[in-house]
Amino acid sequence: MTMLRSRRPVIDELDARLIALFSERPSIGVLGASRELGVARGTVQARLDRLQTKGVIRSFAPTVDPAALGYPVTALCTLEIRQRLGHQAVVDHLTAIPEVLEIHSTTGVGDLIIRIVATDNADLGRVIDDIIDDVHVVRASTSICLVTHLEMRTDALVQAAAGG
């Protein structure tokens, strides 16, 4: 017999509605959100503060599209590294490259997976050369993203976390 553990939700239905509203209309503001959701302004502000303190909402910054900035080529690159000194030396090297958008330590064949962008395929070659120009990087395997079928999303996850 399998015991199901009940998970206490981190957010509730109002939090989920608030997150969805700010995701869809980030410039709505606290007063606009309180009117839209039919709750007091203080309630909206307190909830936003709590969600930020808990790290549920990390930022109200704009979402930037690399393609609109002139970087339409996206690739995922798996790196094998010399781990003798750990990951930090490579992470520091990669962080200095503007076209490196994400860095993740992983299990499996590679040690790091990074998301990178470039202006075109020739520029992608330059970016990869910059990436592997580090004594700690042993090998890189790159896959160019042809079509993005689903962007990074959290809306369905927010609903699931709220019990919906």
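Residues numbered from 1 in each chain as written. Predicted model: local features only at pLDDT ≥ 70, side-chain atom pairs only at ≥ 80, totals over all residues. Heavy atoms only, no water.

A. Representation of helix 1 (residues 13-24) in the model. Across its twelve residues, helix 1 extends 16 Å between first and last C-alpha, which sits within 8% of the 16 Å expected from 1.5 Å per residue. Listed as buried for helix 1 are Leu 14, Asp 15, Ala 16, Leu 18, Ile 19, Leu 21 and Phe 22. Looking at the packing, one finds that the buried side of helix 1 touches helix 2 (29-37), helix 3 (41-53) and helix 6 (155-161). Where helix 1 begins, one side-chain oxygen reaches toward the backbone nitrogen of Leu 14, 3.1 Å away; that side chain belongs to Asp 12. (Helix = DSSP H or I, 4+ residues; strand = E, 2+ residues; numbered from the N terminus. Expected span 1.5 Å × (residues − 1). Buried < 20%, exposed > 50% of the residue type's maximum accessible area, 1.4 Å probe, protein only. Contact = heavy atoms within 4.5 Å. Polar contact = N/O pair within 3.5 Å; in protein donor to acceptor, adjacent residues only side chain to side chain.)

B. Expanded view of the packing of helix 1 against helix 3. The contact between helix 1 and helix 3 brings their axes to 11 Å, and the two run at 85°. One way to sum up the angle between helix 1 and helix 3 is to call them roughly perpendicular. When helix 1 is examined against helix 3, the residues Leu 14, Asp 15, Leu 18, Ile 19 and Phe 22 are found in contact with a partner set consisting of Thr 43, Val 44, Arg 47, Leu 48, Arg 50 and Leu 51. Here the residues of the contact of helix 1 with helix 3 sort into seven nonpolar, one polar and three charged. (Axes fitted to C-alpha atoms, helices over the stretch in contact; angles between N-to-C directions. Parallel < 35°, antiparallel > 145°, perpendicular 65-115°, else oblique. Nonpolar A, V, L, I, M, F, W, Y, C, P; charged D, E, K, R; others polar.)

C. Here's a closer look at the sheet that holds strand 2 (residues 100-105). Strand order in the open sheet formed by four strands is 2-3-1-4, and the pairing between neighbours is antiparallel. At either end of the open sheet lies a strand with only one pairing partner, and these are strand 2 and strand 4 (137-145). Within the sheet, the average angular offset between the axes of one strand and its neighbour, ignoring direction, is 20°. Pairing of strand 1 (residues 73-81) with strand 3 (residues 112-118) involves seven bridges; the strand directions are antiparallel. Paired with Val 73 across the two strands is Ala 118, which belongs to strand 3. Against the sheet, helix 4 (residues 88-95) makes contact with strand 1, strand 2, strand 3 and strand 4, and its axis sits at roughly 165° relative to strand 2, the strand it touches most. The sheet contacts of helix 5 (residues 121-132) involve strand 1, strand 2, strand 3 and strand 4, and relative to strand 3 the element is tilted by about 140°. (Pairing = 2+ DSSP bridges.)

D. Geometry of a nonpolar patch on the surface. Among the surface-exposed residues, Ile 144, Leu 146 and Val 147 lie close enough to one another that they form a single nonpolar patch of about 340 Å² accessible area. Along the chain, the position of Leu 146 falls in the loop between strand 4 and helix 6. A relative accessible area of 80% means that Leu 146 is categorised as exposed. (Patch = residues over 30% accessible without salt bridge, like charges linked within 9 Å, V, L, I, M, F, W, Y side chains within 5 Å. Areas by Shrake-Rupley, 256 points an atom, 1.4 Å probe, with all protein chains shown as cover. Salt bridge = Lys/Arg side-chain N within 4 Å of Asp/Glu carboxyl O.)

E. Geometry of the packing of aromatic side chains. In the structure shown here, the tally under the stated rule is one aromatic pair. Geometrically, the ring pair formed by Phe 22 and Phe 60 is edge-to-face, given 5.6 Å between the ring centres and 70° between the ring planes. On the criterion of sequence distance, the pair formed by Phe 22 in helix 1 and Phe 60 in the loop between helix 3 and strand 1 is long-range, its members being 38 residues apart. With a relative accessible area of 10%, Phe 22 lands in the buried category. Using a relative accessible area of 41% as the deciding quantity, one classes Phe 60 as partly exposed. (Phe/Tyr/Trp six-rings, centres within 6.5 Å; stacked < 30°, edge-to-face > 60°.)

F. Structural detail: the environment of Phe 60. Each C-alpha atom, one on Phe 60 and one on Ser 27, is 9.2 Å from the other, the two residues being 33 residues apart in sequence. Once residues lying within four places of it in the same chain are set aside, the contact partners of Phe 60 are Phe 22, Leu 48 and Gln 52.

G. Summary view of the pairing of strand 3. Among the seven residues of strand 3, five are classified as buried, and the element is accordingly described as predominantly covered. Inspection of the sheet shows strand 2 paired to strand 3 by five bridges, in the antiparallel sense. Residue pairing for strand 3: Ile 103 is matched across the bridge by Ile 114. Counting the residues that bridge the hairpin from strand 2 to strand 3 gives six residues, and of these Gly 108 lies at a positive phi of roughly 100°.

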